[in-house]
Amino acid sequence: MWAVWLLLALWGLPGPVQAEAPPVPAAATAVPPPGALKHYSDAELQLLQDLDSRRVELERREQVLVVRETLLDLAEERINTQVVQLTALQDEIKRLLGDLSDKEAKELDALARIYENMKPQEAATILNELDERIVYDLFRRIKQKNAAKILEKMNKEKAREVSTRLAEKAPLPALPE
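Just so you know, the residues in each chain are numbered from 1, in the order the chain's sequence is written. In view of the model being predicted, local features appear only for residues whose pLDDT reaches at least 70, and side-chain atom pairs are presented and counted only at 80 or more, with totals across whole chains, interfaces and linings using the full set of residues. Think of the side-chain values as coming from all heavy atoms in the structure, minus any hydrogens and water.

1. Topic: the overall build of the chain
Segments assigned H or I by DSSP are reported as helices when at least four residues long, segments assigned E as strands when at least two residues long, and all are numbered from the N terminus. Broken down by element type, the chain carries six helices and zero strands. Of the regular secondary structure in the chain, the N- to C-terminal order runs α-α-α-α-α-α. Within the chain, contacts between residues separated by at least 24 positions form 61% of all contacts whose residues are at least 6 apart in sequence. Areas reported as accessible are Shrake-Rupley estimates using a 1.4 Å probe. Residue values count occlusion only from the protein chains shown. As displayed, the chain offers around 14,200 Å² of accessible surface, 59% of which is attributable to carbon and sulfur atoms. What makes two residues a contact is simply this: any of their non-hydrogen atoms within 4.5 Å.

2. Section: helix H2 (residues 42-117)
Between its first and last C-alpha atoms H2 spans 110 Å; for 76 residues at 1.5 Å apiece the expected length is 112 Å, and the two agree. Taken as a whole, H2 has its buried residues at Leu45, Leu48, Asp52, Leu108, Ala112, Tyr115 and Glu116. To estimate the expected span of a helix, subtract one from its residue number and multiply by 1.5 Å. Three labels apply to residues, based on accessible area from a 1.4 Å probe with only protein chains included: buried if under 20% of the type maximum, exposed if over 50%, partly exposed otherwise in between.

3. Overview of the packing of aromatic side chains
A pair of Phe, Tyr and Trp rings is counted when the ring centres sit within 6.5 Å of each other, with Trp represented by its six-membered ring. The angle between the planes then sorts it: under 30 degrees is stacked, over 60 is edge-to-face, the rest tilted. For the structure on display, the rule yields zero aromatic pairs. When the NZ atom of lysine or the CZ atom of arginine is within 6 Å of a ring's centre and also within 35 degrees of its normal, the charge is said to sit over that ring. It is Arg165 that lies over the ring of Tyr136; its NZ or CZ is 5.6 Å from the centre.

4. Details of the pattern of salt bridges
Salt bridges are counted wherever a side-chain nitrogen of Lys or Arg sits within 4 Å of a carboxyl oxygen of Asp or Glu. Going through the model one piece at a time under the given rule, you end up with ten salt bridges. Glu132 is the salt-bridge partner of Arg165, the closest N and O atoms lying 3.9 Å from each other. Of this pair, Arg165 sits in helix H6 (residues 156-169) while Glu132 sits in helix H4 (residues 132-141); the two residues are 33 residues apart in sequence, bridging distant segments of the chain. Judged by relative accessible area, Arg165 falls into the partly exposed class, the value being 22%. By relative accessible area, which is 28% here, Glu132 ends up partly exposed. Connected via shared salt-bridge partners are Asp52, Arg55 and Glu59.

5. Section: the nonpolar core
Note on terminology: a nonpolar core comprises buried Ala, Val, Leu, Ile, Met, Phe, Trp, Tyr and Cys residues joined through side-chain atoms within 4.5 Å. Core analysis: the largest hydrophobic core is formed by 16 residues, its most contacted members being Leu127, Phe139, Ile150 and Met154. If you list the elements that add at least two residues to this core, you get H2, helix H3 (120-127), H4, helix H5 (144-153) and H6.

None of the figures reported here should be taken as evidence of function without further support.
Following this line, the structure appears as structure tokens:
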């Protein structure tokens, strides 16, 4: 019953029975005016209790939603921080791979110059034993005149494989306009 009183007080409604009436002059205390005391039916009281229960449930749901929203905001902030960190890491990896590619290219250039300065038969003997991808990369860096002499001395099968790769990767000449 106290919940009903609480509800009535919160909504500013008069209660079924007033426990403490405001001070009234002595002349007016004899008979209360009609309608001053309102009696609520059981159905009205049940409705008020149901409304109070619903209000409490809605307030609880609102609190749950506020907590969820806060957690989502924190998770979003953490994800954004991780995205920034991963982007920085990705940039660093690209830079390192670029440095590695540059270093690798310089080493291949130096190795190509070594093979260019060798006798074609000696270079062909060594290149026959290497992986065709490495041989391809070396031949791309060797002058055509020297590459032709080395290819001539190489194993015919290996020379064919390297030539095929060179032909596939060679840029096409520009068409005259």
